[in-house]
Each structure stands twice: as structure tokens, then as C-alpha cells.
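# Descriptive analysis of the structure
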Amino acid sequence: MSAPTAPPRTVICVGDVHGYIAKLESLWSNLQSALPADAFAAALVIFLGDYNDRGPHTREVIDFLLALPARHPAQRHVFLCGNHDLAFAAFVGELPPPPDGSPFSATWEEYIHNEEHEGWFRGPGYEGMHVQGRRWGGVIKERWNPKKGLPYKGSIYDAQPTFESYGVAHGSPDLAKAVPEEHKRFLSDLVWIHEEENVPIDTDEGQIICNLIAVHAGLEKSIDLNEQLRVLRTRDTRVPKVPMLSGRQDVWNTPKDLTGKQTIVVSGHHGQLHIDGLRFIIDEGGGYEDKPIAAIVFPSKTLIRSTE
């Protein structure tokens, strides 16, 4: 008699946290309550990026994430890099160096026309900083963000709460000294893409087995897929603004190279929930104080929120 087949591993994808520790703790508790104990204990948990900015408790959020492997040793944890995390890492000197040895200042040129308006950081060390770090630690001249209908918090990235969670003023170069070494390692180790094989998903026609690609914003429809995968897998920091981590409309859909190939593409970033076939956007919170953090569970496609 053959041994019974083990049930497929549960996969949990968690949307943007943006510095809201209470929401993260509530979501984690709700996931634990909603799932069978054995499924939760052995789950693959993919955090879709953007741990910092907007909310007040970035430091506590990263502490929570760092503690997960010891609290849940049978789980696998994947921490994707979001555009906010990349910028934070850039400011504190934790981005991988450009593969061709070029200086980070080479990333400025394409967006230099925005320097004055966005108030890019010009303090100590700016000369060797990636453009996104300068934007993140700067002081934007406009006080009102018309897209969000809220005031900016320090910079175009709303980074002020992150600085303050580490006990320093917005834009202070002392942040690099205030961030603990284990937090710097966390930022340095963030992956830009996670690829997983043999992920089951329930559909109207029954359960199918898919590949899964998790990337913070999505995959670009107009850039060669292999080139996108190269940039993401190698974390190519020559790129001034990585569309797969920060794009909007052009990363919304699944690229045509993947259509019909039973590939799940899951992202956060967009400030909303959107499910279309095998394309999943899981970011109900969007960094807003009054909106929940959401997660999706495969194979069932169950949505769990921090408010439930």
C-alpha cells in the first residue's frame, strides 16, 4: 500500500504593512485562528514588501518579522523588497552595489529634473547614494499629496515616521547609526522576486498546480520578460527606478509571455485588492491608517484581514 499523499503546503501572501505593527499582529493572529494548526505551522509565508513608512512603527514591524523564524521554525518566510524598502536601504547604505561597479550617482540623471521639487537629500554621504535614497530622505516642497488626499510625511515616500521610529528627525543622516545591525541585514537581504513551483490553487474547474511569481508591484507588459527576471533575480541597482517594484498601470496585468502558462503572479503595492484569474494584487491597506492589512491563502484563495 502506498503512503497517503501529504496535503499541499499552504502558501500565505501578506500585503503591504507600512509601519502598522498593531495591524500586523492582528493579521498574524487571525491567520493562525483561520487555518488548521498543521497548515499554519508549515506554511510558506511570502511578505510582499513595503514594511516601512506612513505608519508609526517601522522599527517594531521589522522586529516582528525578524522574530518569525524562531517563533515558527517549520514555516518558510520570504521577505520581498518593496519600493519603500529599497529606498530605506539606499539611504542607510544597504543596497547591493551595481554589478558593473558604477557609482550610485549614475542613477540620478534620469530624474534630476525632479531634484528641486522633491527636495532630494543633500546631507553627508549624498554623493554616493542611489537616487531613491535621496528621494526618500529628502523634504518635498509640496505639503499636500493630491493622489492620497493627505499631507506628505516628510518626503515623497512619507518616510518621516520611519526616521522617528528609530528616534531621529526626518532626513537626519544619523539614521544609519540608529538602525540596528540586524535591521540593516534584513534590508540588505530582501529579495526582489520569489519564484515557487508546484503551488496548488482552487479554481471553478478544480485544483490546478501552478508556478508562482511574487514581486512587489508586478511584471511590466512592455519590457522583455527575461530582462525583467534578470534585473529582479540579480537585484540590479544600476536601475534608477525598478518598474517591477514601483510601477502602476504597466505592471497591473500578467505579461503576455506568461498567459496560458498556469503562472500565479502576486503583488502588493497598489493600495487595493484585485483578483483576475491568476493575477493577484493584495494591498488593501495601502498605508492608510483606517484600512486593514490583507493576506491571501493558497490553495483556497481565502482572504484574511487584520480587522477580522
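Let me sum up the structure you'll find in this document. All values reported here derive from a predicted model rather than from experimental measurement. (Residues numbered from 1 in each chain as written. Predicted model: local features only at pLDDT ≥ 70, side-chain atom pairs only at ≥ 80, totals over all residues. Heavy atoms only, no water.)

### Let's talk about the sheet that holds strand 8 (residues 263–267)
Applied cut-off: When DSSP locates at least two bridges between a pair of strands, those strands are taken to pair. Secondary structure follows DSSP: runs of H or I at least 4 residues long count as helices, runs of E at least 2 residues long count as strands, and numbering of each begins at the N terminus. Each axis is a line fitted through C-alpha atoms, taken for helices only over the stretch in contact, and angles between the N-to-C directions span 0 to 180 degrees.
One open sheet holds the five strands; their spatial order is 6-7-8-10-9, and the pairing between them is mixed. Every other strand in the sheet has two partners, leaving strand 6 (194–203) and strand 9 (273–276) as the edge strands with one partner each. On average, each strand axis in the sheet is inclined to that of its neighbour by 25 degrees, with strand direction left out of account. Two strands pair when backbone bridges link them, and strand 7 (residues 206–214) and strand 8 are joined in this way by four bridges, in the parallel orientation. Across the sheet, the residue bridging to Ile213 is Val265, located in strand 8.

### Some points on the packing of aromatic side chains
How two aromatic rings sit relative to each other is set out by the distance from centre to centre and by the angle between their planes. Here is the rule we go by: Any Phe, Tyr or Trp ring, taking Trp's six-membered ring, that has another such ring centre within 6.5 Å forms a pair; planes under 30 degrees apart are called stacked, those over 60 apart edge-to-face, and the others tilted. Buried means the residue's accessible area, taken with a 1.4 Å probe over protein chains only, is under 20% of the maximum for its type, while exposed means over 50%, and partly exposed covers the values in between.
Following the criterion strictly, the structure yields 14 aromatic pairs and no others. Arranged with centres 5.4 Å apart and planes meeting at 25 degrees, the rings of Phe47 and Phe79 form a pair that is stacked. You can see Phe47 sitting in strand 2 (residues 44–47) and its partner Phe79 sitting in strand 3 (residues 76–79), a full 32 residues away along the chain. Under the relative-accessibility criterion, Phe47 is labelled buried at 0%.

### Remarks on the pairing of strand 3
Defined as follows: Crossover handedness is defined here as right-handed if the route from the first strand over the helix to the second strand goes clockwise, with the strands pointing away from the viewer.
Summarising the sheet, strand 2 and strand 3 pair through four bridges and their orientation is parallel. What sits directly across from Val45, in strand 3, is His77. Remark: the strand 2/helix 3 (residues 58–71)/strand 3 crossover connection has right-handed handedness.

### Structural notes on the pattern of salt bridges
Note the following rule: Here, a salt bridge means any side-chain nitrogen of Lys or Arg that lies within 4 Å of a carboxyl oxygen of Asp or Glu.
Across all of its chains, the model carries 15 salt bridges by this definition. Notably, a salt bridge pairs Arg122 with Glu115, separated by 3.1 Å at the nearest N-O pair. With a shortest N-O distance of 2.5 Å, Glu284 and Arg305 are connected by a salt bridge. Pair noted here: Glu284 is in the loop between strand 10 (279–282) and strand 11 (294–298) and Arg305 is in strand 12 (residues 302–305), with a separation of 21 residues, a long-range link. Among the charged side chains, a salt-bridge network with shared partners connects Asp100, Glu227, Arg230, Asp236 and Arg238.

### Observations concerning the sheet that holds strand 2
Let me state the cut-off plainly: Should any heavy atoms of two residues lie within 4.5 Å, those residues are considered in contact.
Across the sheet, five strands lie side by side as 3-2-1-11-12; this open sheet has mixed pairing. Each edge of the sheet is formed by a strand with only one pairing partner; in this case those strands are strand 3 and strand 12. In this sheet, adjacent strand axes meet at a mean angle of 20 degrees when their direction is disregarded. Pairing analysis gives four bridges linking strand 11 to strand 12, with the strands arranged antiparallel. When the bridges of strand 12 are listed, Val297 appears paired with Thr302. Taken strand by strand, helix 1 (residues 21–34) contacts strand 1 (11–14), strand 2, strand 11 and strand 12, and its axis lies near 140 degrees from that of strand 12.

### Some thoughts on the nonpolar core
Our working rule: The set of buried Ala, Val, Leu, Ile, Met, Phe, Trp, Tyr and Cys residues whose side-chain atoms join them within 4.5 Å is what this entry labels a nonpolar core.
Membership of the largest hydrophobic core comes to 65 residues, with the highest contact counts inside it found for Ile12, Phe47, Leu65 and Leu175. Among the elements that make up this core, the one with the highest residue count is helix 4 (residues 83–91) (six residues). For Leu65, the contacting residues outside a window of four places in its chain are Leu24, Phe47, Tyr51, Phe79 and Phe186.

### Considering the environment of Asp224
The test is simple: Within 3.5 Å is the distance limit for a polar contact, defined as a pair of N or O atoms, with the added protein rule that one can donate a hydrogen and the other accept it, and that residues adjacent in sequence qualify only through two side-chain atoms.
If you trace the backbone, Asp224 turns up in the loop between strand 7 and helix 10 (225–234). A C-alpha to C-alpha distance of 31 Å links Asp224 and Trp120, two positions 104 residues apart in sequence. There is a polar contact of 3.0 Å between the side chain of Asp224 and the backbone nitrogen of Glu227.

### So, helix 1
Since there are 3.6 residues in each turn of an α-helix, residues three or four apart along the chain are aligned in direction. Counted only if it meets this: The span one expects for a helix is its residue count, reduced by one, times 1.5 Å.
Between its terminal C-alpha atoms helix 1 stretches 20 Å, which fits the 20 Å expected from 14 residues at 1.5 Å a residue. Regarding helix 1, the residues found buried are Ile21, Lys23, Leu24, Leu27, Trp28, Asn30 and Leu31. Summarising the contacts, the buried residues of helix 1 are in contact with strand 1, helix 2 (37–41), strand 2, helix 3, strand 11 and strand 12.

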